[in-house]
Amino acid sequence: MSGAVGCRARRPYDVDVRELRPGLWWWEATHPEWEPEDAATEDWGPEVSSYAIDDGGRLLLIDPTDPPAPVAALAASREVVIVLTCPWHERATRRLVERFGAVVYSPAPEAEREGLAVQVFAAGDRLPVGVQAFPGMEPIDLVLWIESCRALVAGDTLIDRGRGFEFPVDWANKGVPAEQILVTLQPLLALPVEFVLPTHGAPTDQGALRRALS
């Protein structure tokens, strides 16, 4: 099905998922690869966020863990497309491809992915599913702009580790100074953002985005 994904009809949901606006869903779940011993070494908690956008024909899943029942029910009657903010946020992608026949868009993986076909995109690209890719912390960790919902989605570039929404300077050891990365993120402030959707942390707003990028 061609055309951009938009937000539409509100549907019932349970305690595991929240509809932020009609057709825009958020849920948290334990990362499928999280182990109890990770708590001592990882600088992020076991709970990660995923999002779904429904336009009545296509369901867009972003950095998805296994979706709660209401979202899974929608997926069964939609064309399902998965978009990853970065290749290591695969999470439940393989299971969802098998379950729903989803098409996957991802920044270029660092190594060949056996058994998972992806359509690669990069910063500056506009995907045919209504997603525009902006530069993030590194070339394969991107920020996604979904104009139809005025939603900005961030993988590891903008997160909340329990200390508030932030640009994680301590994660930005990518061979480029953190201050330089922050400069490349400034164009995000010109977007008419209503929702900021981190995949580490809860949804927030444009005010939090401005503070994080200041």
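Coordinates for the structure precede this section.
Residues numbered from 1 in each chain as written. Predicted model: local features only at pLDDT ≥ 70, side-chain atom pairs only at ≥ 80, totals over all residues. Heavy atoms only, no water.

A.B. asks: Tell me what's going on with the sheet that holds strand S11 (residues 151–154), and back it up with residues and numbers.
C.D. replies: The strand order S8-S9-S10-S11-S14 describes an open sheet built from five strands, whose pairing is mixed. Each edge of the open sheet is held by one strand with a lone partner, namely strand S8 (126–127) and strand S14 (195–198). Alignment of strand S10 (residues 141–146) against S11, held across four bridges, turns out to be antiparallel. Of the residues in S11, the one forming a bridge with valine 143 is alanine 154. (Pairing = 2+ DSSP bridges. Helix = DSSP H or I, 4+ residues; strand = E, 2+ residues; numbered from the N terminus.)

A.B. asks: Please give an account of the nonpolar core that cites residues and values.
C.D. replies: In this structure, Leu152, Leu158, Phe167, Leu188, Leu209 and Leu213 are the most contacted members of the largest nonpolar core, which totals 25 residues. Counting only elements with at least two residues in this core, the list comes to strand S9 (131–138), S10, S11, helix H3 (178–185) and helix H4 (206–212). Broken down by element, this core gets its largest block of residues, four residues, from H3. Residue contacts for leucine 209: discarding those within four places in its chain leaves Leu152, Leu158, Phe165, Leu188, Leu189, Val193 and Val196. Judged by nonpolar contacts, the second largest core, of 23 residues, contains Leu24, Ile53, Val131 and Ala151. (Core = buried A, V, L, I, M, F, W, Y, C linked by side-chain atoms within 4.5 Å. Buried < 20%, exposed > 50% of the residue type's maximum accessible area, 1.4 Å probe, protein only. Contact = heavy atoms within 4.5 Å.)

A.B. asks: I'd like to hear about the pattern of salt bridges, residue by residue, with values.
C.D. replies: Here the idea is simple: oppositely charged side chains can pair when their charged atoms come close. Taken as a whole, this structure holds eight salt bridges when the rule is applied. A salt bridge links arginine 161 to glutamate 166; the nearest nitrogen and oxygen atoms lie 2.9 Å apart. Each member of the pair, arginine 161 as well as glutamate 166, carries the same accessibility label: buried. Linking aspartate 170 and arginine 161 is a salt bridge whose minimum nitrogen-to-oxygen distance equals 3.0 Å. Relative accessible area serves as the criterion here: at 47%, aspartate 170 is assigned to the partly exposed category. Classification of arginine 161 as buried rests on a relative accessible area of 16%. Residues joined by salt bridges that share partners form a network here, namely Arg161, Arg163, Glu166 and Asp170. (Salt bridge = Lys/Arg side-chain N within 4 Å of Asp/Glu carboxyl O.)

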